Amino acid sequence: MNEIDGIHTKYDKEIRIGAYDAIKQYKDIVNQDPYRLHYHLMPPVGLLNDPNGFVYYKGLYHLFYQWNPFATEHGAKFWGHFSSRDLVRWKEEQIALAPSSSFDKNGCYSGSAVVHDDQLYLFYTGNVRDEAGNRETYQCLAISEDGVDFVKKGPVIELPSGYTAHFRDPKVWKQDDKWYMVIGAQTEKETGTVVLYRSTDLCNWQYLSLISDEQEFGYMWECPDLFSLQNKDILLFSPQGIEPDGYRYNNIYQSGYFVGKLDYQEAYYEHGAFKELDRGFDFYAPQTTLDEKGRRLVFGWMGVPEENEQDHPTIESYWIHAMTIPRQLLLRGDKLYQQPVDELVNLRTELIEYRHVTMEDNQLELQKISGKSLELVVEVKEHTNKYFSVFLGKTTRITFDQENKVFTLERKSINGEELETRHCHLNKLSRLRIFLDTSSIEIFINDGEEVFTSRIFDDQENDTISFQSKGKTIVDVYKWKLSNVMNK
Ligand code: FRU
């Protein structure tokens, strides 16, 4: 692993300087973009994708992310880095990892973080293309004493037999005094799966087995994450190659989970059916961590690979994509609920409140219920209606069709003017909690039973909100303006 020293250290410095230059060069253009978000994490320039290394360490939350500073396209990824005391106000830290070594020269791809002996360990995939363009993959380690400066230790796992080079995204956790790692994989038969490794020292890893014998579920599973909630083991992952099935799997790639039980001795995972975690247009590669309060927290990438990336209006301002807001995961029965973390109430200002608003076959605007960066809570008190809608701006519409028990989000498509929809089945609508942020929307239905996450590129001048009811609906409405904590 001598590549880590000498010439590579020099090269590492050079490409970091290149990335900082790109930030400087485009900072003003990026920050003037009207679509820039107010309370979501975004790249300072270039492209952001997966959340990585989400961890609580020495009093701070750390969130790393896949980052291409040089273009609004995918490429040789860096690990960008944010830290926060409260999950609300974030500091941009120095670059954590740059693709500068022989084992990661085409990208420091996704991975995770754990704390051991007061040090922060990052595990990531070194993506390499050989001279003929063939993919090589190495699961690598980097260690930090302070959570800011990382020393690369090089590969700790090479590709085992039986798998193609689509083998990546290590997620590590501790169970009964041993370390475990799941890796997203493709078998030689070109089916997606997840493999399990074990270690006693975080450096030497023993291959155990693939943990799901699901045969026909896509060609690759990316970004696995295995954790327990209420005595059940949940495997969260992002499969590729799943065909749409009614209202399910409507994006190009999905993110979802199994609920089951992992037998750590036999390395066998028994689980139920796959469920999508989010039902909107833009949600992928979620990653969780257990924080010091015992909460299972999750960030997702508010985007999907390849999906209309070339048409995003922010590209002309030299940036693309963002993270979701941080959320807490809860398990109810065999279903994951997502709720915004409690700390986000600290963003609230200027409450506007209406109680017992009655609508009957009409459309209604409420004074001061408007804006582009806000939280809107709608408590449904009574509805004997056919449907109930909330319109946001010119082109975004949320509808609960009570007759057919279908919830719908409609938005203007990113690549044109036509409207497009995502749906889910829903028995009852009792509460909507909506986070709107300039060009994004996150809708939490009934305390997180279903969530729709999407970017929305609407007319920036139009910040109206209105409600419509076919039949009778009675609601309480609360709106807070949310502070801008991102624009510096
Ligand atoms: C998921 C993914 C990961 C990979 C990373 C590269 O979006 O394709 O599998 O590690 O992005 O940026």
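The protein is annotated in an unreviewed UniProt entry as Sucrose-6-phosphate hydrolase from Aquibacillus rhizosphaerae. What UniProt states about the protein under its Pathway (unreviewed entry) heading is, verbatim, "Glycan biosynthesis; sucrose metabolism." According to its UniProt record, the protein has this under Catalytic activity (unreviewed entry): "Hydrolysis of terminal non-reducing beta-D-fructofuranoside residues in beta-D-fructofuranosides."

### So, the site of the ligand
The local shell around the ligand holds 14 residues, among which Q66, K77, Y109, S110 and E222 are the closest. Secondary-structure elements contributing two or more residues to the shell around the ligand are β1 (46-57), β5 (108-116), β9 (163-175), β13 (220-229) and β18 (284-290).

### Notes on the sheet that holds strand β3 (residues 78-84)
What the five strands build is an open sheet, ordered β4-β3-β2-β1-β20; its pairing is mixed. In the strand order of this sheet, the two ends are held by β4 (90-92) and β20 (319-320), each with one partner. As judged from the two bridges shared by β1 and β20, these two strands associate in the parallel manner. For L47, the partnering residue across the bridge sits in β20 and is I320.

### Comments concerning the pairing of strand β10 (residues 178-187)
Side-chain positions along a regular strand alternate between the two faces of the sheet. In terms of burial, β10 is largely enclosed, as eight of its ten residues are buried. Pairing of β9 with β10, which is carried by eight bridges, proceeds in the antiparallel orientation. Opposite K174, over in β10, you have W179 as the bridge partner. Here β9 folds back onto β10, and the loop between the two strands holds two residues, one of which, D176, carries a positive phi near 50°. As defined by bridge partners, β10 adjoins strand β11 (residues 192-199) across eight bridges and the pair is classed as antiparallel. Following the sheet pairing, I183 is matched in β11 by V195.

### Remarks on the UniProt feature "domain: Glycosyl hydrolase family 32 C-terminal" (unreviewed entry) in the protein
Per the UniProt entry, the sites bearing "domain: Glycosyl hydrolase family 32 C-terminal" (unreviewed entry) are residues 343-474 in this numbering. The span residues 343-474 is 0% helix and 68% strand, and its two end C-alpha atoms sit 29 Å from each other.

### As for the confidence of the model for the protein
Residues shown with low pLDDT carry predicted positions that ought not to be read at fine detail. Mean pLDDT over the protein works out to 95, with 98% of the residues at or above the 70 mark. Our summary of model confidence lists the complex with pTM equal to 0.96 and ipTM equal to 0.99.

### A look at the domain arrangement of the protein
Split by domain assignment, the protein resolves into domain 1 (2-340) and domain 2 (344-482). If you look at the interface, domain 1 gives 30 residues, while domain 2 gives 31 residues. Among the elements that line the side of domain 1 that touches domain 2, the one with the most residues is strand β22 (residues 335-340), at four residues. Taken together, the residues of the side of domain 1 that touches domain 2 break down into 14 nonpolar, ten polar and six charged.

### Structural notes on the pairing of strand β25 (residues 387-392)
Of the two faces of β25, only the one carrying F388, V390 and L392 is buried; Y387, S389 and F391 on the other face are not. Direction of pairing for β25 relative to strand β26 (residues 396-401): antiparallel, over a ladder of six bridges. Counterpart to F388 in the pairing with β26 is F400. Hairpin connection of β25 to β26: three residues between the antiparallel strands, including G393 at a positive phi of 65°. Here β25 runs beside strand β32 (residues 464-482); their pairing, made up of six bridges, is antiparallel. Pairing of V390 across the sheet is with F467, part of β32.

### Quick look at the sheet that holds β5
Pairing is antiparallel across the open sheet formed by four strands, whose spatial order is β5-β6-β7-β8. A single partner strand is all that each edge strand has here, and the edge strands are β5 and β8 (151-157). Here the strands of the sheet are splayed against their neighbours by 30° on average, with no regard to which way each runs. Two strands pair when backbone bridges link them, and strand β7 (residues 135-144) and β8 are joined in this way by five bridges, in the antiparallel orientation.

Procedures and definitions
- Residues numbered from 1 in each chain as written.
- Predicted model: local features only at pLDDT ≥ 70, side-chain atom pairs only at ≥ 80, totals over all residues.
- UniProt positions renumbered as here; feature names shortened; annotations may be inferred.
- Near = placed C-beta within 6 Å.
- Helix = DSSP H or I, 4+ residues; strand = E, 2+ residues; numbered from the N terminus.
- Pairing = 2+ DSSP bridges.
- Buried ≥ 20, exposed ≤ 12 C-beta atoms within 10 Å, placed from the backbone.
- pLDDT = per-residue confidence, 0-100.
- Domains from an automatic or database assignment.
- Contact = placed C-beta atoms within 7 Å.
- Nonpolar A, V, L, I, M, F, W, Y, C, P; charged D, E, K, R; others polar.
- Axes fitted to C-alpha atoms, helices over the stretch in contact; angles between N-to-C directions.

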